[in-house]
Amino acid sequence: MLYNRVLFTTFWISLISTIAVGQTITSKIVDKKTNQPIPYATIQVSKNEGVITNEEGRFSLNLGDNFSKTDSIYISSMGYEKAGISIQNVTDSIIYIEPKAIELKGVFISNKNLTVDEIMENVEDNLSKNYDFKLSHKRLFFRESEFNTIKKLKVDFKKSTIKELNKKFMDSVTSIIPKKSEYYTEVLCDFYNNSEKAKIHIIKAAELYDKNNMGSMDAVSKKMEKIFKDNVKPDSYLKIKSGILGTKVQVDSILENDKEAAAVKNEIDEQKKKEDKSNFLNNQKSGLKNILSSLFFNKDVLSNFIHKSGRYNFELVDYTYINDNSVYIIKFTPKWRGDFKGTLYINTQDFAILRADYENAKLLKNFKLLGIMYQDNLYRNTIIFTKGQNNIYDLKYLEMHRGTLFGLDRPIKVIEKNKHVKGKRKQNELSFGLDILMSNKNKVEIVVFDSKPITETDYKNSTENKSIQPEYLSAYNPDFWKGYNIIEPNTAIKEFTAAPETE
């Protein structure tokens, strides 16, 4: 009996300890009146710890050691009453919050009834006071979702003097090329930066994609390489022509057939493999640096509605609250030279933009000439700031959508020529028409958990783990980020599963 009581007590102590250390709250924030999900709501357990709901209003919050110290979570969102909920009572999959009534008095008329143009002038005048341009250290989570679609791919075979490069082979190539592909990257990191320089220390990272798409392209490349090695002389050059346009490519710079050249090539390839280990880290660092440098308060950026406000019409449409701050709601649309339309939420006291929702109102680039077309057709942002240390506003959350469209409809000729062969220099020829249309859409999400100013010495002492590599996932794994706070993935990511790998 004593043994059973000890065993029973030990079981419950163990269970309670497990819950206390590793409890995760998973729920959805919903408007009590409309029953609609509330995206980008803030869920906090302390000043510097919390998460943001995704575009579906969902969140997962790992309490960790704070569970024993905290009895409530706090939910806030623009236009809603701030809600405090006991952790013990968060048992439902849905949490409802109430819209906040707007009282048009005092705080909204304290700025001498400024016109909308005067408000925007104050916004620009206070940029250097309100936003951080100095060195800082951010703990952040970064998710990138990339979608590539081949909308049209037509190869019109004309002629080939290499028997292996026939119509059947060309048709097989077009059938192998994946028409749709998805690629997801997730990174938790420490990011040290200002507008001029950056370092990154990656804590954990994952890649989610279908390896079969990469395998299909590798198979095509290897087959093409073998065909060229078997049929093209090493000292030849290829002349690639498309209508009146043409270029030369030295074949022996692509194909190394002799043993000495192959040995050098292998040595170079091995060195590249060593260097490639840092590519993931460098790609994440440059991606983050470029995104943060593109924010509207910086100069010479595409989203220029602050620094080039004369290109836009602004209208004060309403008022609201964000985290107990009274806010102007200002909509803007482009004049003939403006590119964007959207809504700004501006603090009535210090003229900081607390939130910006905007998108392109027209094509940002539109090029079409000689069968080549390119469009920059999507630029949509949601950016949320929160006041941090030294009364400076820090980035809290960013969601960016970018999209392009590329097309090519031209005749292609690949001609092998060799000046060392007596007689005619032309050795082989491949001729076909190529009609292709491809779209690329990219979505970036950044949530900043903590941001603080650092000195030049702090920056110099920060380190990068350049050899770190992401863990490959063929399907979404909810346990990968267990114990970490991230932004909850949307349904598309949760449902992604790569096909079984083929040989």
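Note that the structure is predicted; figures quoted are calculated from it, not measured.

S.K.: Hey, could you go over the packing of aromatic side chains for me, with residue numbers and the actual values?
M.R.: For the coordinates displayed, the defined rule picks out 25 aromatic pairs. Here the aromatic rings of Tyr131 and Tyr393 are separated by 6.4 Å at their centres, their planes lie at 50°, and the arrangement is tilted. Here Tyr131, found in the loop between α3 (127-130) and β8 (136-160), pairs with Tyr393, found in strand β19 (residues 393-417); they are 262 residues apart in sequence, far enough to count as distant. Residue classification places Tyr131 among the buried residues on the basis of a relative accessible area of 2%. On the basis of relative accessibility, which here comes to 3%, the residue Tyr393 falls in the buried class.

S.K.: Report on the sheet that holds strand β1 (residues 24-31), specifying residues and quantitative values.
M.R.: Within the open sheet, the three strands sit side by side as β4-β1-β7. Their pairing is mixed. Strands with a single pairing partner mark the edges of an open sheet, and in this sheet they are β4 (58-62) and β7 (94-97). Between one strand axis and the next, the sheet turns through 35° on average, direction left out of account. When β1 meets β4, the two strands line up antiparallel, connected through five bridges. Across the sheet, the residue bridging to Lys28 is Arg58, located in β4.

S.K.: So what's going on with the pattern of salt bridges? Residues and values would help.
M.R.: Taken as a whole and assessed by the stated rule, the structure comprises 16 salt bridges. Measuring nitrogen to oxygen at the nearest pair gives 3.8 Å for the salt bridge that ties Arg58 to Glu56. Note that Arg143 and Glu445 form a salt bridge whose closest N and O atoms lie 3.4 Å from each other. Separated by 302 residues along the polypeptide, Arg143 in strand β8 and Glu445 in strand β20 (residues 426-453) bring together distant segments of the chain. Here Arg143 matches Glu445 in class, with each residue buried. By sharing partners, the salt bridges in this structure join Arg143, Glu186 and Glu445 into a single network.

S.K.: How would you summarise helix α7 (residues 279-293) if you had to cite specific residues and measurements?
M.R.: Counted at 1.5 Å a residue, the expected span for α7 with its 15 residues is 21 Å, and the 21 Å between its end C-alpha atoms agrees. Of the residues making up α7, those classed as buried are Phe280, Leu281, Gln284, Lys285, Leu288, Ile291 and Leu292. Down the axis of α7, the buried set is contained in an arc of 135°. They therefore lie on one face.

Calculation criteria
- Residues numbered from 1 in each chain as written.
- Predicted model: local features only at pLDDT ≥ 70, side-chain atom pairs only at ≥ 80, totals over all residues.
- Heavy atoms only, no water.
- Phe/Tyr/Trp six-rings, centres within 6.5 Å; stacked < 30°, edge-to-face > 60°.
- Helix = DSSP H or I, 4+ residues; strand = E, 2+ residues; numbered from the N terminus.
- Buried < 20%, exposed > 50% of the residue type's maximum accessible area, 1.4 Å probe, protein only.
- Pairing = 2+ DSSP bridges.
- Axes fitted to C-alpha atoms, helices over the stretch in contact; angles between N-to-C directions.
- Salt bridge = Lys/Arg side-chain N within 4 Å of Asp/Glu carboxyl O.
- Expected span 1.5 Å × (residues − 1).
- Arc of directions from axis to C-beta.

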